[in-house]
Amino acid sequence: MTQDENDIILLAHGSGGKLSHELVENRFLPFLSNPVLAKLDDSAVFEVGGRIAFTTDSYVVNPLFFPGGDIGKLAVCGTVNDLSMSGAVPLYMSLALIIEEGLPMKELEQVLQSIKATADETGTQIITGDTKVVSHGQADKLFINTAGIGIVPDDINVSGAGARIGDKIILSGTIGDHGIAIMSLREGLKFSVPVESDCQPLNKLVQQMLEVSSTIRCLRDPTRGGLATTLNEIATQSQKGIFINEAAVPVKEAVRAACELLGLDPLYIANEGKLVAVVESSEADKILASMKRNLCGKDAAIIGEITAEHAGKTIMKTRLGSSRMLDMLSGDLLPRIC
Amino acid sequence: MKFVDEYQDNELAGKIASEIATLSTIPIKLMEFCGGHTHAIMRYGLRQLLPENIEMRSGPGCPVCVTANADLDKAIALSLLPNTIVTTFGDMIRVPGSYSSLQQARARGADIRIVYSTTDALEIARNNPEKAVIFIGIGFETTAPTVAAAILRAQKEGIENFSVLSCHKLTPPVIRALLESGEVKIDGIICPGHVCVITGSRPYEFISREYKIACAISGFEPLDILLCVYKLVKQIENGSPRMEIAYSRAIKPEGNKPALKLMNEVFEPADTVWRGIGTVPCSGLRIKATYQCFDAAKIFKINMKPARENKACRCGDILRATATPVECPLFGKACTPEKPIGPCMVSSEGACAAYYQYRRPEKEHDAA
Ligand code: SF4
């Protein structure tokens, strides 16, 4: 066996003893160090002022590395995006890892590297953390939990409940990329144009949008459950109707092809770097134009509007001009048999 | 950008729909055999584009739905045997059998794993040599060849702990059984696109030749289906039923010969029970005696309680095309995708699930 193959996570790395300390000092700090974290106290102590947004999420993905990202990037983007969707400027994050024994150290370092790069890109700092190692079979390689804190500027109030009749709905780009990237990897599907996950931080895009308009009522990132589920959440929360035009929803050709093959619907497939915004109708074009200037929003489009009819429901005009209900995802997404 | 094209779909669909309306003069009933077609029809609201004299009925083309309770019960019983791993496609796990479901068996400790393909099931068998790994083989001519390939692979690699509970079904015999029963008068049939990729169009030619019923094979894009309906209406109006391929980008009359060869190497036709339809001669696939060491039905002897049906559920009628989901009193009320009572509400290819998920806004209260 080579040196590298022996360099794996052992149960003892989670014992709290010498190996644990070594793991933190030699593997974690080199990537993540900042003045607060480096103190290695039991809690991070820091100052913030104003209204605070606070969120947490756990990340489980198989495989750990996929085209367009990995679990580390996903964990940072997920929390940064959740904070951004409440209009907050993300500042600090916690990072907790549950590692299955046997994980190659090299893979762990790759994940940490990507956490570091994404945190830097978003201007956030990891200021507290934890690691547990579990025995073989009790976890699938690596689970991550992150929590994040951000500040919400005084004049910003975005919430699903804020949607008003006549407001426009903007989607920041193509849907289904993340889910299809993962699924095609798992199913061994190859496409002439490979689908990459859209995993990306949206905080800069959101800041830019909030700068050009004060009429952004609601922001959401359509992750698990896809666009259809997010729209239904907004409809329920606001008790308004939602009407969208399927033909206006951008979907990459490769994603559409994969969906046809697997019998799936892009409207229900997970995204990791897209947002839905509900905005005042008269400002919609201006906001759209500013989104298109950001790489994360270059394919942004107005896909529908808020209606008085069908309160609490989402209605879709299909590609063929007929209309129907668009329900939330129920159960799991499963490829067809026939 | 490619997605702009969809606006043109809209225009083309309108054109085909108005051609259909002009051409169609008499009330007709068309059956889409395949659950995938039912879903596309509902998803794109195609019925809204068709004139009122054209009625669409879904047929027995959902593999999960047509699996008889006795077969489901067997799968559940197998999962409860010690030292076994049952592998299955995801939809199956939630389908209620006579007394329980695979999902409930799993909660009680059975090792049941969802797989996306037989390759995954084989991999599980390779990694767990001390356990019996049973794959629940459901599906039509589309999946049977892949299962046959897995069995041949297991034989070649000497994976002795792998076996298959074959509940595979063949589509032409069941279409014949439906037409023979005369229970529902069908004027035209949309034949199953994916199945015909394997079988070719020939096994379906009897529909027009012997029963004088219009038939065409369709793909799964909304325009494919509209075009297929157009062809069927034309055949009916002209009184000239024949087999037409409206999916020529994928179908050859003789089908996919290597896949058929694989299937016929491992399986042979046998009488089998379809939910709601009963025993249909030579409509199932059983594993040939040569491969019986991979046949879970032969390896494991289990005593089964007699299967029973939930009387309130009308899946049987729906699969025979004698009723539509909205005619079931439980539809959308006691029975929803979250709390399904019958398989047609569970499966992603089930008619009830399609009617429910894609119901029209105007009629949301009576859920049509
Ligand atoms: S709605 Fe439910 S109970 Fe009624 S036929 Fe369909 S699956 Fe059975």
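Just so it is clear, the structure is predicted and the values come from calculations on it, not from any experiment.

Observations concerning the pairing of strand S7 (residues 168-171) of chain A
Looking down a regular strand, the side chains alternate between one sheet face and the other.
Residue and element names in this part refer to chain A.
Point 1. Summarising the sheet, S7 and strand S10 (residues 276-279) pair through four bridges and their orientation is antiparallel. Within the sheet, the bridge partner assigned to Leu-171 lies in S10 and is Val-276.
Point 2. Here S7 runs beside strand S11 (residues 301-307); their pairing, made up of four bridges, is antiparallel. The residue of S11 that forms the bridge with Lys-168 is Glu-305.

Description of the nonpolar core
A general tendency of soluble globular proteins is for nonpolar side chains to be buried together.
Point 1. Judged by nonpolar contacts, the single largest core of 98 residues is most densely connected at Phe-162, Ile-175, Ile-189, Cys-191, Ile-207 and Phe-267 of chain B.
Point 2. For this core, the element with the most residues is helix H8 (residues 144-157) of chain B, which contributes six residues.
Point 3. Within the second largest apolar cluster, 34 residues are counted, among which are Ile-244, Val-251, Tyr-268 and Ile-303 of chain A.

Topic: the packing of helix H7 (residues 118-127) of chain B against H8 of chain B
Residues and elements named next belong to chain B.
Point 1. Packing of H7 against H8 brings their axes to within 9 Å, and their N-to-C directions diverge by 25°. Considered as vectors, H7 and H8 are oriented roughly parallel to each other. Considering how the two elements wind past one another, H7 and H8 form a crossing that is right-handed. For the pair formed by H7 and H8, the contact residues are Thr-118, Leu-122 and Arg-126 on the first element and Thr-146, Val-147, Ala-150, Arg-153, Ala-154 and Glu-157 on the second.
Point 2. Across the contact of H7 with H8, the residue classes tally to four nonpolar, two polar and three charged.

Focus: a nonpolar patch on the surface
Residues and elements named next belong to chain A.
Point 1. A grouping of Val-48, Ile-52 and Phe-54 is seen on the molecular surface, where their side chains present a nonpolar patch of about 300 Å² in accessible area.
Point 2. With respect to the secondary-structure elements, Val-48 resides in the loop between helix H3 (35-38) and strand S1 (51-59).
Point 3. Look at Val-48 and you get partly exposed, because its relative accessible area is 32%.

Points about the interface of chain B and chain A
Point 1. With 45 residues of chain B at the contact, the number on the chain A side is 34 residues.
Point 2. At the boundary of chain B with chain A, total buried surface from both sides reaches about 3,600 Å², with 54% on carbon and sulfur atoms.
Point 3. One can count four salt bridges joining chain B with chain A.
Point 4. When the shortest N-O distance is used, the salt bridge between Asp-265 of chain A and Arg-43 of chain B registers 2.8 Å.
Point 5. Counting the contacts that link chain B with chain A gives 11 residue pairs in polar contact (both at pLDDT 80 or more).
Point 6. Of all the secondary structure elements, the ones that give two or more residues to the side of chain B that touches chain A are helix H1 (6-23), helix H2 (35-43), helix H3 (46-49), helix H4 (63-66), helix H10 (193-199), helix H12 (222-238) and helix H17 (351-357) of chain B.
Point 7. The leading source of residues in the side of chain B that touches chain A is H1 of chain B, at five residues.

Focus on the sheet that holds strand S6 (residues 142-152) of chain A
Residue and element names in this part refer to chain A.
Point 1. Taken in spatial order, the four strands line up as S1-S6-S4-S5 in an open sheet, and their pairing is mixed. The sheet is open, and its two edges are formed by S1 and strand S5 (125-134), each paired on a single side. With strand direction ignored, the average angle separating the axes of adjacent strands in the sheet is 10°.
Point 2. Pairing between strand S4 (residues 89-100) and S5: nine bridges, direction parallel. Looking at S5, one finds that Leu-95 is bridged to Gly-129.

What to know about the site of the ligand
Point 1. The environment of the ligand is formed by Cys-313, Arg-314, Cys-315, Ile-318, Cys-328, Leu-330, Phe-331, Cys-335, Ile-341, Gly-342, Met-345 and Cys-352 of chain B.
Point 2. When the residues that make up the shell around the ligand are grouped by side-chain class, the tally is 10 nonpolar, one polar and one charged.

Some words on the confidence of the model for chain B
Regions with low pLDDT carry predicted coordinates that are not meant to be interpreted in detail.
Residue and element names in this part refer to chain B.
Point 1. On average, residues of chain B carry a pLDDT of 91, and 96% of them reach 70 or more.
Point 2. For chain B, H1 is the element with the lowest average pLDDT, namely 84, and strand S6 (residues 162-166) is the one with the highest, namely 98.
Point 3. For the stretch residues 363-368, pLDDT sits under 50, and the model shows 10 contacts to residues farther than four places along the chain or on other chains.
Point 4. Scored as a whole, the predicted complex attains pTM 0.82, and scored at its interfaces, ipTM 0.72.

Some remarks on unusual backbone geometry
Point 1. Residues Asn-62 of chain A and Pro-63 of chain A are joined by a peptide bond in cis, for which omega reads 0°.
Point 2. Summarising the element assignment, Pro-63 of chain A is placed in the loop between S1 and strand S2 (65-66).
Point 3. Positive phi is not limited to glycine here, since Asn-83 of chain B has a value of about 60°.
Point 4. Mapped onto the elements of the fold, Asn-83 of chain B is located in the loop between helix H5 (69-79) and strand S3 (84-88).
Point 5. With a phi angle near 50°, Cys-282 of chain B is a residue other than glycine that sits in the positive phi range.
Point 6. Structurally, the position occupied by Cys-282 of chain B is in strand S11 (residues 278-287).

Examining the state of the cysteines
Where two cysteines share a covalent bond between their sulfur atoms, that bond is called a disulfide.
Residues and elements named next belong to chain B.
Point 1. Taken as a whole and assessed by the stated rule, the structure comprises one disulfide over all chains.
Point 2. Between the sulfur of Cys-62 and that of Cys-65 lies a disulfide, 2.3 Å long from S to S. Every disulfide takes its handedness from the sign of the S-S torsion; for Cys-62 and Cys-65 that torsion is 70°, giving right-handed.
Point 3. When its relative accessible area of 1% is taken as the criterion, Cys-65 is described as buried.
Point 4. The thiol of Cys-228 is not disulfide-bonded; the next cysteine sulfur, from Cys-191, is found 7.7 Å away.
Point 5. Looking at Cys-228, the relative accessible area reads 0%, which means it is buried.

About the cut-offs
- Residues numbered from 1 in each chain as written.
- Chains lettered and ligands numbered in written order.
- Predicted model: local features only at pLDDT ≥ 70, side-chain atom pairs only at ≥ 80, totals over all residues.
- Heavy atoms only, no water.
- Pairing = 2+ DSSP bridges.
- Helix = DSSP H or I, 4+ residues; strand = E, 2+ residues; numbered from the N terminus.
- Core = buried A, V, L, I, M, F, W, Y, C linked by side-chain atoms within 4.5 Å.
- Buried < 20%, exposed > 50% of the residue type's maximum accessible area, 1.4 Å probe, protein only.
- Axes fitted to C-alpha atoms, helices over the stretch in contact; angles between N-to-C directions.
- Parallel < 35°, antiparallel > 145°, perpendicular 65-115°, else oblique.
- Left-handed = near helix turned anticlockwise from the far one by under 90°.
- Contact = heavy atoms within 4.5 Å.
- Nonpolar A, V, L, I, M, F, W, Y, C, P; charged D, E, K, R; others polar.
- Patch = residues over 30% accessible without salt bridge, like charges linked within 9 Å, V, L, I, M, F, W, Y side chains within 5 Å.
- Areas by Shrake-Rupley, 256 points an atom, 1.4 Å probe, with all protein chains shown as cover.
- Salt bridge = Lys/Arg side-chain N within 4 Å of Asp/Glu carboxyl O.
- Buried area = accessible area lost by both parts, 1.4 Å probe.
- Polar contact = N/O pair within 3.5 Å; in protein donor to acceptor, adjacent residues only side chain to side chain.
- Near = heavy atom within 4 Å.
- pLDDT = per-residue confidence, 0-100.
- Disulfide = S-S within 2.5 Å.

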